[in-house]
Amino acid sequence: MKITAVETIYLKSGIRVHAGPVQYLWVRLHTDEGLSGLGETYPFPLAAQAVIHSALAGVLLGRDPSAIDKLWADMLVAVSYSGWAGAEMRAISAVDLALWDLKGKALNAPVYQLLGGASRQSIRTYNTCYDRVDFLTEPVKLAQELYDSGIRAMKIWPFDSIARQNSGQFITPEQIRAGIEPLGRIRDEFGGRMEVAMEFHGYWNLPSAIRIAHALEPLAPLWLEEMLPQDNLAAYRELKDATRTPLCLSERLMTRWGFRELLANGAASIVMPDLCWCGGLSEAKKIASAAETHYLPVAPHNCGGPLLHMASLHLAANLTNLHILESVRRHYSDEYAGLLTQLVTPVNGEFPLPPGPGLGAELDPAVLRREDVFVERSSL
Ligand SMILES: [Mg+2]
């Protein structure tokens, strides 16, 4: 089999994820045998699209798509002038997902089977609370709805608005009291029946992060996620040494080499790669294996588009050191509608194994007919 065309599909109006629309890029690899593979990345699709057509298409066209590891290595060489951790790695991530999808279709198997098979029959998940119910004003109502649907863990970020007020440079005792209140209310109502992870989006400096971490300790959050920016892992190690709460890092690190430094320095208790950013399924599997050598679990970042959701389910089905998979009920029950031909939603709070072949979903044909969709193609 030979790759005959590399197609990018850019949805200009975006999908409403997080607080507003995020623009997506899908990649389709076409072959001389009529099979195609679908990949995805985000945000800034035009940057990844430029990398795909100007640097990666030349590597891919005419090649056998089954040689995923060698194609990945050659794509890295094609972009590794200096500092490839950006649009270059997002582009490689999207192509890598498409290569796995294609391999699964060629072998008529779901991707998790190709990764080494299912390590579980259902996948534990936590809900990231970009939700119609506001975790700041109605945390107990939100937790109750999730609990009633079988979900036993959730993630909130009540310190973000304070960080924006203070540019993350200081925090007062009164602001700390306000920031911990939603978690306190959930603990009062649910005790230990609901796990709550705290997300900080990299907004804080080190002393403020330590102050917040200390204040949260009595409330036993599941983890503290990205309290600092990701560029100084020695500072993260200081934060780890200052708190007994586990740190979760980081969707912002890319490739096995980016995570190598984190694993060597010991700051993370939970490892969180994003398949559409870190280098794809290939790279996430390698990162997870490296984490396993440090006896660390993986919680894949799954807060993007619909194909990331499907691919993350395949990885989560396979990983022996899975901690828990992120998901967003507003995404899978609402915002992803009409984009893919299949979508997997939780049953009694856990995801079933995802379907195949490949990643188990195609772009809905209606997407390609939309006026806000732009397709570009490189071919043999
Ligand atoms: Mg995060």
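Caption draft 1: Spatial organisation of the pattern of salt bridges. A full pass over the atoms with the stated rule returns 23 salt bridges. We note a salt bridge from Asp-101 to Lys-105, for which the minimum N-O separation is 2.9 Å. With Asp-101 and Lys-105 both in helix H3 (residues 87–107) and four residues apart, this pair spans about one turn of that helix. According to the relative accessible area criterion, Asp-101 is buried, its value standing at 0%. A relative accessible area of 16% means that Lys-105 is categorised as buried.

Caption draft 2: Representation of the side chain of His-201 within the structure. Topologically, His-201 is positioned in the loop between strand E6 (195–199) and helix H8 (206–216). Look past the residues within four positions of His-201 in its chain and what remains in contact with it is Tyr-130, Trp-157, Asp-160, Glu-225, Glu-226 and Arg-252.

Caption draft 3: View of the packing of aromatic side chains. Within the structure shown, the criterion is met by ten aromatic pairs. With a centroid separation of 4.4 Å and 45 degrees between ring planes, the pair formed by Tyr-130 and Trp-157 is classed as tilted. Linking Tyr-130 in the loop between strand E4 (122–128) and helix H5 (139–148) with Trp-157 in the loop between strand E5 (153–156) and helix H6 (160–166), this pair joins segments that are 27 residues apart in sequence. Trp-157 gets classed as buried once you look at its relative accessible area, which sits at 11%. Taken together, the aromatic side chains of Tyr-24, Trp-26, Tyr-42 and Trp-277 make up a single cluster linked through ring pairs. A cation over an aromatic ring shows up here: Arg-193 above the ring of Tyr-147, its NZ or CZ 5.0 Å from the ring centre. Seen from the ring of Trp-72, Arg-256 lies directly overhead, with NZ or CZ sitting 5.2 Å from the centre.

Caption draft 4: View of the side chain of Glu-326. By secondary structure assignment, the location of Glu-326 is in strand E10 (residues 325–327). For Glu-326, the side chain forms a polar contact with the side chain of Thr-128, separated by 2.5 Å. Within polar-contact distance, the side chain of Glu-326 engages the side chain of Lys-155 at 3.2 Å. Beyond its immediate chain neighbours, meaning those up to four positions away, Glu-326 contacts Thr-125, Tyr-126, Thr-128, Lys-155, Pro-300, His-301, Asn-302 and Cys-303.

Caption draft 5: The arrangement of the coordination of the magnesium ion in detail. Taken together, Glu-199 (OE), Glu-225 (OE) and Glu-251 (OE) make up the protein donors of the magnesium ion, found 2.0 to 2.2 Å from the metal. All donors to the magnesium ion come from one chain, and their sequence spacing reads E-x25-E-x25-E. Of this pair, Glu-199 sits in strand E6 while Glu-225 is found in strand E7 (residues 224–225), placing the two residues 26 residues apart along the sequence. Taken individually, Glu-199 and Glu-225 each receive the classification buried, so the pair is uniform in this respect.

Caption draft 6: Highlighting the packing of H8 against helix H9 (residues 233–242). The contact between H8 and H9 brings their axes to 10 Å, and the two run at 25 degrees. By the angle class used here, H8 and H9 are roughly parallel. Read as a crossing pair, H8 and H9 show a hand that is right-handed. For the pair H8 and H9, the contacting residues are Leu-206, Ala-209, Ile-210 and His-214 in the first and Ala-235, Glu-238, Leu-239 and Ala-242 in the second. When its residues are assigned to classes, the contact of H8 with H9 shows six nonpolar, one polar and one charged.

Caption draft 7: The sheet that holds strand E1 (residues 3–17), seen in detail. Spatially, E3-E2-E1-E12 is the arrangement adopted by the four strands of the open sheet, whose pairing is antiparallel. On the outer flanks of this sheet lie strand E3 (36–41) and strand E12 (373–379), each paired with one strand and no other. Between one strand and the next, the sheet's axes are offset by a mean angle of 20 degrees, whatever the strand orientation. As defined by bridge partners, E1 adjoins E12 across seven bridges and the pair is classed as antiparallel. Bridged to Tyr-10 within E12 is Phe-374. Taken strand by strand, helix H1 (residues 45–60) contacts E1, strand E2 (20–31), E3 and E12, and its axis lies near 170 degrees from that of E1. Running at roughly 150 degrees to E3, H3 makes contact with E1, E2 and E3 of the sheet.

Caption draft 8: Spatial organisation of the nonpolar core. Counting residues in hydrophobic clusters, the biggest one holds 127 residues, and the most contacted among them are Trp-26, Leu-56, Met-154 and Phe-159. It is H3 that contributes the most residues to this core, eleven residues altogether. With near-sequence residues (within four places) excluded, Leu-56 lies in contact with Val-51, Met-75, Val-79, Ala-91, Ile-92 and Val-95. With ten residues, the next largest nonpolar core counts Ala-197, Leu-222, Trp-223 and Ile-270 among its residues.

The rules we used
- Residues numbered from 1 in each chain as written.
- Predicted model: local features only at pLDDT ≥ 70, side-chain atom pairs only at ≥ 80, totals over all residues.
- Heavy atoms only, no water.
- Salt bridge = Lys/Arg side-chain N within 4 Å of Asp/Glu carboxyl O.
- Helix = DSSP H or I, 4+ residues; strand = E, 2+ residues; numbered from the N terminus.
- Buried < 20%, exposed > 50% of the residue type's maximum accessible area, 1.4 Å probe, protein only.
- Contact = heavy atoms within 4.5 Å.
- Phe/Tyr/Trp six-rings, centres within 6.5 Å; stacked < 30°, edge-to-face > 60°.
- Lys NZ or Arg CZ within 6 Å of the ring centre and 35° of its normal.
- Polar contact = N/O pair within 3.5 Å; in protein donor to acceptor, adjacent residues only side chain to side chain.
- Donors = N, O, S within 2.8 Å, 3.2 Å for Na, K, Ca; no water.
- Axes fitted to C-alpha atoms, helices over the stretch in contact; angles between N-to-C directions.
- Parallel < 35°, antiparallel > 145°, perpendicular 65-115°, else oblique.
- Left-handed = near helix turned anticlockwise from the far one by under 90°.
- Nonpolar A, V, L, I, M, F, W, Y, C, P; charged D, E, K, R; others polar.
- Pairing = 2+ DSSP bridges.
- Core = buried A, V, L, I, M, F, W, Y, C linked by side-chain atoms within 4.5 Å.

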